[in-house]
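Below are the chains, spelled out letter by letter.
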Amino acid sequence: QVSASVRGRTTNSTIRVGGEERLFSVKLDGYRTMDAAQMNDLQIPTPSGQSVRLADVATLRERRVLNSVIRENQQYQRLVNYEFRGPQKLGDRTRDQVVASTTLPPGYSIEKRQAWSWSVEEKQQIYGVLIVSILLIFMVTAAIFESLKLPLTVLLTVPMALIGVFLLFFYLGATFTREAYVGMIMMGGIVVNNSILLVDHVNQLRRVYRLPLAAALERGTLERVRPILMTSLTTICGLLPLVLFSETADQNIWNALAYALIGGLSSSTILVLTVTPALYLLFERRAEERRIMTENREIAAMQPA
């Protein structure tokens with residue numbers, strides 16, 4: 001894989017060899033002594049077999065040009081980057097004012113872009129990480145609970161956490177940056193812990209104490225309110241110093257990471273104690289009814305006729 005950029009009479013290139021990028025240069029012979037005056041005397045052959053001087057048919061002069069030409073959607077592009085040292089909202093307003101006051105020739109237009117964008121390789125990596133993390137959570141919980149339905153109860157905690165993430169970013173006016181995506185991946189592995197804690201305790205109550213489904217859910221949820229709140233609040237309090245002393249929502253790069261974790265933990269803590277028991281009841285209600293019917297038939301069979 002070779003990428004090259006031509007500057008003057010020297011080609012600076014990058015070649016990938018065995019996974020490593022190496023720089024090399026390709027230069028024209030005599031490039032140090034070549035000048036425009038000598039090129040004026042360059043002889044150009046004509047169809048009749050005679051030669052003419054280049055200066056007789058063309059005008060040579062030096063001028064500054066772009067080192068690369070960018071095209072996208074059959075249109076030429078010129079990228080303009082800027083750095084605004086101040087609050088992001090003020091920077092956005094300044095940019096909008098500059099764009100609005102800029103007069104362009106016919107056929108030209110200005111398009112504002114985000115400060116960053118995902119490349120194809122980065123998208124593949126982030127999707128791969130998400131898929132692998134979900135599969136690992138499903139496999140571990142399925143092995144622990146010995147069920148294929150209960151892991152879904154645990155995995156649905158992640159959408160519950162996303163509600164808090166998006167609401168927190170919306171009300172604070174924070175920018176959803178790359179660090180926010182990293183925080184969401186971390187949050188997915190953290191918020192499922194509360195759901196696993198609740199589901200496992202309900203399973204123990206049903207298996208050890210032989211409690212009915214509804215009674216086990218009620219008792220198990222009430223007994224796990226305190227430990228779930230304690231673990232979530234301690235984690236949130238540990239993350240608060242990252243954002244409490246920031247003057248703006250986007251002052252530091254770790255603000256978005258902390259917002260993703262705090263918002264996800266806050267909403268998932270509340271919804272795990274309310275929605276997760278309902279999901280557990282929805283998934284296990286049919287199995288509980290079949291178990292009760294089987295026990296009733298066994299009791300009826302054991303009674304004397």
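On a predicted model such as this, the values are computed, not experimentally measured, just so you know. (Residues numbered from 1 in each chain as written. Predicted model: local features only at pLDDT ≥ 70, side-chain atom pairs only at ≥ 80, totals over all residues. Heavy atoms only, no water.)

### What about the overall build of the chain?
Counting its regular elements, the chain contains eleven helices and seven strands. Here the chain holds 305 residues, and the buried ones make up 25% of them. Partitioning the intrachain contacts of the chain with sequence separation of at least 6 by distance along the chain shows that 56% fall at a separation of at least 24. Approximately 22000 Å² of the chain is accessible, and the part contributed by carbon and sulfur atoms is 60%. (Helix = DSSP H or I, 4+ residues; strand = E, 2+ residues; numbered from the N terminus. Buried < 20%, exposed > 50% of the residue type's maximum accessible area, 1.4 Å probe, protein only. Contact = heavy atoms within 4.5 Å. Areas by Shrake-Rupley, 256 points an atom, 1.4 Å probe, with all protein chains shown as cover.)

### Comments concerning the side chain of Glu-288
When you line up the elements, Glu-288 lands in helix 11 (residues 275–302). Taking relative accessible area as the criterion, Glu-288 reaches 6% and is therefore assigned buried. Polar side-chain contacts of Glu-288 include one of 2.8 Å to the side chain of Arg-206. Look past the residues within four positions of Glu-288 in its chain and what remains in contact with it is Arg-206, Pro-212 and Leu-213. (Polar contact = N/O pair within 3.5 Å; in protein donor to acceptor, adjacent residues only side chain to side chain.)

### A look at the confidence of the model for the chain
In this model, the chain carries a mean pLDDT of 82, and residues with pLDDT of at least 70 account for 87%. Confidence scores differ between elements of the chain, with strand 1 (residues 2–7) showing the lowest mean pLDDT of 37 and helix 8 (residues 213–239) the highest of 94. Confidence over residues 1–10 falls short of pLDDT 50; this stretch has 28 contacts with residues more than four positions distant or in other chains. (pLDDT = per-residue confidence, 0-100.)

### Describing the environment of Ile-292
Mapped onto the elements of the fold, Ile-292 is located in helix 11. Owing to a relative accessible area of 37%, Ile-292 belongs among the partly exposed residues under this scheme. For the pair Ile-292 and Pro-212, spaced 80 residues apart in sequence, the C-alpha separation works out to 9.3 Å.

### A few points about the packing of aromatic side chains
Scanning the entire structure with this criterion turns up five aromatic pairs. Arranged with centres 5.1 Å apart and planes meeting at 85°, the rings of Phe-176 and Tyr-181 form a pair that is edge-to-face. Residue Phe-176 is classed as partly exposed on the basis of its relative accessible area, which comes to 23%. For Tyr-181, a relative accessible area of 29% puts it in the partly exposed group. Here the aromatic residues Phe-166, Phe-169, Phe-176, Tyr-181 and Tyr-259 are joined through ring pairs into a cluster of three or more. Over the face of the ring belonging to Tyr-209 we find Arg-219, whose NZ or CZ atom lies 5.1 Å from the ring centre. (Phe/Tyr/Trp six-rings, centres within 6.5 Å; stacked < 30°, edge-to-face > 60°. Lys NZ or Arg CZ within 6 Å of the ring centre and 35° of its normal.)

### Description of the pattern of salt bridges
In total, this model carries six salt bridges according to the counting rule given. When the shortest N-O distance is used, the salt bridge between Arg-53 and Asp-41 registers 3.0 Å. Of this pair, Arg-53 sits in strand 5 (residues 51–53) while Asp-41 sits in the loop between helix 1 (36–40) and strand 4 (43–45), placing them twelve residues apart in sequence. Among the residues examined, Asp-41 registers a relative accessible area of 45% and is labelled partly exposed. Across the pair Glu-284 and Arg-206 runs a salt bridge whose closest N-O atoms are separated by 3.5 Å. Of this pair, Glu-284 sits in helix 11 while Arg-206 sits in helix 7 (residues 178–208), and the two are 78 residues apart along the sequence. In this pair, the class of Glu-284 matches that of Arg-206, namely buried. Residues joined by salt bridges that share partners form a network here, namely Asp-41, Arg-53 and Asp-56. (Salt bridge = Lys/Arg side-chain N within 4 Å of Asp/Glu carboxyl O.)

### A short note on helix 11
The first and last C-alpha atoms of helix 11 sit 40 Å apart over 28 residues, in line with the 40 Å expected at 1.5 Å per residue. Of all the bends found along helix 11, the most pronounced is centred on Glu-284 and spans about 50°. By the burial criterion, the buried members of helix 11 are Thr-276, Pro-277, Leu-279, Tyr-280, Phe-283, Glu-284 and Glu-288. (Expected span 1.5 Å × (residues − 1). Bend = angle between axes of the 7 residues up to and from the residue.)

### Digging into the packing of helix 6 (residues 157–172) against helix 10 (residues 254–272)
As a packed pair, helix 6 and helix 10 sit with axes 7 Å apart at the nearest point and diverge in direction by 130°. Viewed along their axes, helix 6 and helix 10 adopt a mutual orientation that is oblique. For helix 6 against helix 10, the interelement crossing comes out right-handed. Taken together, the residues of helix 10 that come into contact with helix 6 (itself represented by Thr-157, Met-160, Ala-161, Ile-163, Gly-164, Val-165, Leu-168, Phe-169 and Leu-172) are Ala-256, Tyr-259, Ala-260, Ile-262, Gly-263, Gly-264, Ser-267, Ser-268, Leu-271 and Val-272. Of the residues contributing to the contact of helix 6 with helix 10, the split by class is 13 nonpolar, six polar and no charged. (Axes fitted to C-alpha atoms, helices over the stretch in contact; angles between N-to-C directions. Parallel < 35°, antiparallel > 145°, perpendicular 65-115°, else oblique. Left-handed = near helix turned anticlockwise from the far one by under 90°. Nonpolar A, V, L, I, M, F, W, Y, C, P; charged D, E, K, R; others polar.)

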